[in-house]
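As a plain string of letters, each chain reads:
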Amino acid sequence: MISLSNLKDFKAKGRKFSCLTCYDASMAKAMEIAEIDTILIGDSLGMAIQGHDSTLPVTVADMAYHAAAVRRANQHAFILCDLPFLSYATVNDALINSRTVMQAGAQMVKVEGGAWLAETVAVLTRNGVPVCVHLGLTPQSVNVFGGYKLQAKTREAADQLIADCKAVVEAGAAILLLECVPAQMGKEIAELFPEVPVIGIGAGVETDGQVLVVQDMLGLTFGRVARFVRNFMKEQSGETAILDAFKAYHAAVQDQSFPAKEHTFQVEL
Ligand code: KIV
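Residues numbered from 1 in each chain as written. Predicted model: local features only at pLDDT ≥ 70, side-chain atom pairs only at ≥ 80, totals over all residues. Heavy atoms only, no water.

**Considering the site of the ligand**
Around the ligand sit Thr21, Leu40, Gly42, Asp43, Ser44, Asp82, Lys110, His134, Leu177, Glu179, Ile201 and Val213, and those are all the residues in its vicinity. Here aspartate 82 contributes a side-chain N or O atom positioned 3.1 Å from an oxygen atom of the ligand. Measuring from an oxygen atom of the ligand, one finds a side-chain N or O atom of lysine 110 at 2.9 Å. Alone, the ligand offers 260 Å² of accessible surface; in the complex the protein occludes 95% of this. The cavity where the ligand resides is the largest pocket. A breakdown of the residues in the shell around the ligand according to their chemical character gives four nonpolar, four polar and four charged. (Near = heavy atom within 4 Å. Polar contact = N/O pair within 3.5 Å; in protein donor to acceptor, adjacent residues only side chain to side chain. Areas by Shrake-Rupley, 256 points an atom, 1.4 Å probe, with all protein chains shown as cover. 1 Å grid on protein atoms, 1.4 Å probe; cavity = no way out; pocket = protein on both sides within 12 Å on 5 of 7 lines; lining within 4 Å. Sits in = over half its atoms within 2 Å of the grid points. Nonpolar A, V, L, I, M, F, W, Y, C, P; charged D, E, K, R; others polar.)

Shown next, in the form of structure tokens:
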């Protein structure tokens, strides 16, 4: 089973690692066979599984239910689990809700935000809960952003993003996840923290790991699909097509053929 120290080791050796969202046992088993390195029980399940138009309605009980199903079926991947909307607004809430998802089978919690999470990160880490902080486009704040848009587009915003990363890493964040930021930011931030694996989604090819929502990479998202998505299912056929799509994704992350230029945001900063 892959651990946090394996991921740090991968980073030190320049071995890129794969991550996919997963919410159920059959997909989790297929990801185990395909040797996907890490799994995120994402609150994107609000859209992908529950049919909502945002992640906001998802509860801690939902997250624990899906984390338990995934853990039962997959003994290979390192498992991160989102704390959903407003479930970590106080340090005490973060502690209680982390206990629920960690006891369900997660090995790390993911929270969305910046420097203001420093105390939460420090207290969780002290209490045995490793924390991934998700920065850049943070979907739980969609109503503040006014939509799902590229973040850190100016040097000033990029410097603020770097300051937020520094604050949470100093507080003990063990992984950073960057969503929808210029490729240069993915590279700069991954280089800035040699001990902290950085996972990207729409953050360029130079982050240490890549993540995609599983429905997106299997071509099961209907309507508008984000620029950073590649449909790995298109290239497959036959009864092992899903498994082959997972294997192709894992290989493309490792050899850095994904994300390509067309999946990346290039902005002069
Ligand atoms: O919930 C989720 O699936 C996520 C990914 C988009 C990174 O946070």
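**Describing unusual backbone geometry**
Following phenylalanine 258, the chain continues to proline 259 via a peptide bond in cis, the omega torsion being -5°. Checked against the element boundaries, proline 259 lands in the segment after helix 11 (241-254). Even without a glycine there, the phi angle at leucine 86 is positive, about 60°. For leucine 86, the position within the fold is in the loop between strand 3 (78-82) and helix 5 (91-104). For leucine 86, a relative accessible area of 58% corresponds to the exposed category. In this structure, alanine 152 is a non-glycine residue whose phi angle is positive, near 55°. With a relative accessible area of 10%, alanine 152 lands in the buried category. (Helix = DSSP H or I, 4+ residues; strand = E, 2+ residues; numbered from the N terminus. Buried < 20%, exposed > 50% of the residue type's maximum accessible area, 1.4 Å probe, protein only.)

**A few points about the sheet that holds strand 5 (residues 131-136)**
One closed barrel accounts for eight strands, arranged 1-2-3-4-5-6-7-8; its pairing is parallel. The mean inter-strand angle of the sheet, taken between neighbouring strand axes irrespective of direction, is 25°. Relative to strand 7 (residues 198-201), strand 6 (residues 175-179) runs parallel, the two being bridged by four bridges. Bridge pairing in strand 7 links glutamate 179 to isoleucine 201. (Pairing = 2+ DSSP bridges. Axes fitted to C-alpha atoms, helices over the stretch in contact; angles between N-to-C directions.)

**Considering the UniProt feature "binding site: 3-methyl-2-oxobutanoate" (unreviewed entry) in the protein**
The positions UniProt marks with the feature "binding site: 3-methyl-2-oxobutanoate" (unreviewed entry) are Asp43, Ser44, Asp82 and Lys110. Judged by maximum C-alpha separation, these annotated positions cover 68 residues in sequence but sit close together in space, the widest gap being only 12.5 Å. Of the annotated residues named above, the ones that line the largest pocket are Asp43, Ser44, Asp82 and Lys110. Checked against the element boundaries, serine 44 lands in the loop between strand 2 (38-41) and helix 3 (45-48). Judged by its relative accessible area of 15%, serine 44 is buried. Side-chain polar atoms of serine 44 contact the side chain of tyrosine 23, separated by 2.7 Å. (UniProt positions renumbered as here; feature names shortened; annotations may be inferred.)

**Observations concerning empty space enclosed by the protein**
Counted by the stated rule, this structure contains one cavity of 30 Å³ or more. Looking at the largest cavity, its volume works out to about 40 Å³. If you go around the largest cavity, the residues you meet are Ile201, Gly202, Ala203, Gly204, Gln210, Val211, Leu212, Phe228, Phe258, Pro259 and His263. Broken down by element, the residue count for the lining of the largest cavity peaks at three residues, all from strand 8 (residues 209-212). Classifying every residue of the lining of the largest cavity gives seven nonpolar, four polar and no charged. (Points joined across faces, edges and corners; volume = space filled by probe spheres on them.)

**Some thoughts on the pairing of strand 5**
Of all six residues in strand 5, six are buried; the element is thus mostly enclosed. Relative to strand 5, strand 4 (residues 108-112) runs parallel, the two being bridged by four bridges. Bridging from a neighbouring strand, valine 109 pairs with valine 131 of strand 5. Remark: the strand 4/helix 6 (residues 118-126)/strand 5 crossover connection has right-handed handedness. (Right-handed = clockwise from strand over helix to strand, strands pointing away.)

**A few points about the environment of aspartate 216**
On the secondary structure map, aspartate 216 appears in helix 10 (residues 214-217). Here the alpha-carbon distance between aspartate 216 and leucine 40, two residues 176 residues apart in the chain, equals 14 Å. Setting aside its immediate chain neighbours within four residues, aspartate 216 contacts Thr221, Val229, Arg230 and Asn231. (Contact = heavy atoms within 4.5 Å.)

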